[in-house]
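Listed here are the chains, written in short residue letters.
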Amino acid sequence: MASNIRKNLTAAIFWIAVLTNIAGCIKDTSISSSGKDNGKGICSVAGSSFITDPGRMTDSLIGGRPRLGVNYNGQFDFVDFEDLGRTETRWVRGFIDFFQFYDKPSLLQSDPRILNYLRLKDHGYKTILNIKWNFSQRNFPDTAGPEMRRYTAFLTTLLNRVWSETDLIVVGNEPFIESKVTNRGDSLVQFYEKVAHDVENFETHRKHLERKPIFIGAFNNLYLSSWQTNSVEKLLAFAKSDPWIGGVDLHIHHNGINQLKVAMNAVKDQIRADQKIIVTEFSLVKYFKAQLDLAIPKEFADAYHYGEAMKNYQYIDRALKDPVSQKEWEDFLSSSSWFETRKHYLRNAFDLLKTYPRFAIATYAMRQSFPPGQNFTAGTMPWILNALYANRTVRMDPGSPTPFNYAWINDFVAIQDQ
């Protein structure tokens, strides 16, 4: 009995101390003029932060080992759970375009992109959501002005809609592409810092009941020195300095595997030891683009009665406008040495990414997307060659599952078991 009293008394004293510290920490959760929580709501007891370490949060999400998921970009409206299940992944990534919903808020309740996204976790998937801010035709607002306050207010509405169904959130999609070239200086950096603070404050005011790793990005083309700008350095420095930020997101669309390594090296020493790197887009699309003006293989042309002068881009254009059989599409790619010699790119790329201790998650293109009736030319970026599914170039047979693209799916599934 006396032992139980001592144990209960000890526990009571401990929790009184904890609650006293918490009360002291949360008594002021006001927001500064920059949009940053003043910090008085964040403190430590016995040297341990109440804010779960961002990197460890990511580790717990991925089960301690790197993961490979699928990427829908802005096409959550095309989520098909049968197709998704055939990939055997548990991770799904995409973006929500802030201004599409800001300009028409009612879409938050009815748009199929939102509705399908909200269904993912019910089907057992883990989710990565990038918030896209398209400033290609807009100027960044004064971060202390009324326009920014309106953005912040609607961001709160958007986050309230998706927060519970999101495992990892990225502040941004492609900041240094989705902006005017002349605006990619301090105004860009200050805007994304402000949005990051807004997301942090949103989480704080939910009393940390649903903590999420918050990432910054995505940073594009970092294998090119011309993209390693002063503004990129400033945004990376902000990500490293802010204790709420769990890491950085990279997009690496490149020509060769070594450029993947260069891009990872560009950031691996610019983040904290507890932070992670995610790669929510990557592909060999720039290498594939360089092959579009080559003639299709002679043996393929003979077998399918095409002229030997037909170029790769012309054949792809034809397949997009009049889809071919799955065998023909696979024969085209497998007989093309430029593709066949790269058919294990996915495996090789993931093996490289895994050599980086701070790498956590990558996501790869799920499906082909190309506007109906539009011409595919030698100058078109051939994103469709990257996709796991050949839903645009291959004829869809009624009652049959969506056809896979050539080569990628076998290695993608094998990676799930690593």
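The structure this text deals with has already been given above.
What this report covers is the structure whose coordinates are included nearby. (Residues numbered from 1 in each chain as written. Predicted model: local features only at pLDDT ≥ 70, side-chain atom pairs only at ≥ 80, totals over all residues. Heavy atoms only, no water.)

## Digging into the pattern of salt bridges
When charged atoms on two side chains of opposite charge get close, those side chains can pair. Under the convention used in this document: Only one rule defines a salt bridge in this text: a Lys or Arg side-chain nitrogen within 4 Å of an Asp or Glu carboxyl oxygen. By definition, any uninterrupted DSSP run of H or I lasting at least four residues is a helix, any uninterrupted run of E lasting at least two residues is a strand, and each is numbered from the N terminus. Throughout this description, buried means an accessible area under 20% of the type-specific maximum (1.4 Å probe, protein chains only), exposed means over 50%, and partly exposed covers the range between.
With the rule as written, the count across this model stands at 18 salt bridges. Ionic pairing is found between K311 and D293, a salt bridge with its closest N-O pair at 3.6 Å. One end of the pair, K311, is in the loop between α12 (298-304) and α13 (312-321); the other, D293, is in the loop between α11 (285-289) and α12, with 18 residues separating them in the sequence. Two residues, E340 and K343, come together in a salt bridge whose shortest N-O distance is 2.8 Å. Taking relative accessible area as the criterion, K343 reaches 26% and is therefore assigned partly exposed. Connected via shared salt-bridge partners are K298, D302 and E308.

## Topic: the nonpolar core
What tends to happen in soluble globular proteins is that the nonpolar side chains get buried as a cluster. As a reminder of what qualifies: Put simply, a nonpolar core is a bunch of buried Ala, Val, Leu, Ile, Met, Phe, Trp, Tyr and Cys residues held in one set by side-chain atoms that sit within 4.5 Å of each other. The contact criterion used is simple: two residues touch if any of their non-hydrogen atoms lie within 4.5 Å.
Core analysis: the largest hydrophobic core is formed by 113 residues, its most contacted members being L84, W133, F219, V279, F282 and W329. No other element matches helix α8 (residues 186-205), which puts eight residues into this core. Here F219 is in contact with F176, V232, L235, L236, V248, D249, L250 and H251, once residues within four sequence places are set aside. Ranked by size, the runner-up nonpolar core spans ten residues in total, among them W91, I128, I278 and I361.

## Some thoughts on the sheet that holds strand β6 (residues 168-171)
The condition that has to hold: Whether two strands pair depends on DSSP finding at least two bridges between them. Note on geometry: axes are lines fitted to C-alpha atoms, helical ones only across the stretch in contact, with angles between N-to-C directions running from 0 to 180 degrees.
The sheet built from eight strands closes into a barrel, its strands ordered β3-β4-β5-β6-β7-β8-β9-β10 with parallel pairing. Taken over all neighbouring pairs, the strand axes of this sheet differ in orientation by 30° on average, direction set aside. The pairing of strand β4 (residues 91-97) with strand β5 (residues 126-132) spans seven bridges and is classified as parallel. By the bridge assignment for β5, D97 is matched with K132.

## Some points on the environment of D122
Within the fold, D122 resides in the loop between α6 (112-119) and β5. Residue class for D122 comes out exposed when judged on its relative accessible area of 66%. For the pair D122 and E165, spaced 43 residues apart in sequence, the C-alpha separation works out to 8.7 Å.

## Thoughts on helix α9 (residues 230-241)
Our working definition: Expected helix span is taken as 1.5 Å per residue step, with the number of steps being one fewer than the number of residues.
The end-to-end C-alpha distance of α9 is 16 Å, a good match for the 16 Å that twelve residues give at a rise of 1.5 Å each. Residues of α9 that are buried make contact with α8, β7 (214-220), β8 (245-253) and α10 (257-268).

## Regarding the packing of aromatic side chains
Two aromatic rings, taken as a pair, are described by how far apart their centres are and by the angle between their planes. Inclusion rule: Ring pairs are drawn from Phe, Tyr and Trp, using the six-membered ring of Trp, whenever the two centres fall within 6.5 Å, and their geometry is named by plane angle: stacked under 30 degrees, edge-to-face over 60, tilted for the rest. Remark: a charge is flagged as sitting over a ring if the NZ atom of Lys or the CZ atom of Arg is within 6 Å of the ring centre and within 35 degrees of the ring normal.
For the coordinates displayed, the defined rule picks out 46 aromatic pairs. Where F98 meets W133, the ring centres are 4.0 Å apart and the plane angle is 25°; that geometry is what we call stacked. Placement of F98 in helix α4 (residues 98-102) and of W133 in the loop between β5 and α7 (146-162) is noted, with a sequence separation of 35 residues between them. A relative accessible area of 0% places F98 in the buried class. Given a relative accessible area of 0%, W133 falls into the buried group. Taking 6.0 Å as the distance between ring centres and 85° as the angle between the ring planes, the aromatic pair formed by W338 and F339 counts as edge-to-face. Residue class for W338 comes out buried when judged on its relative accessible area of 8%. The ring of Y125 has R90 sitting right over it, with the charged end atom 4.3 Å from the ring centre. Over the ring of F78 we find R367; its NZ or CZ atom is 4.1 Å from the centre of that ring.

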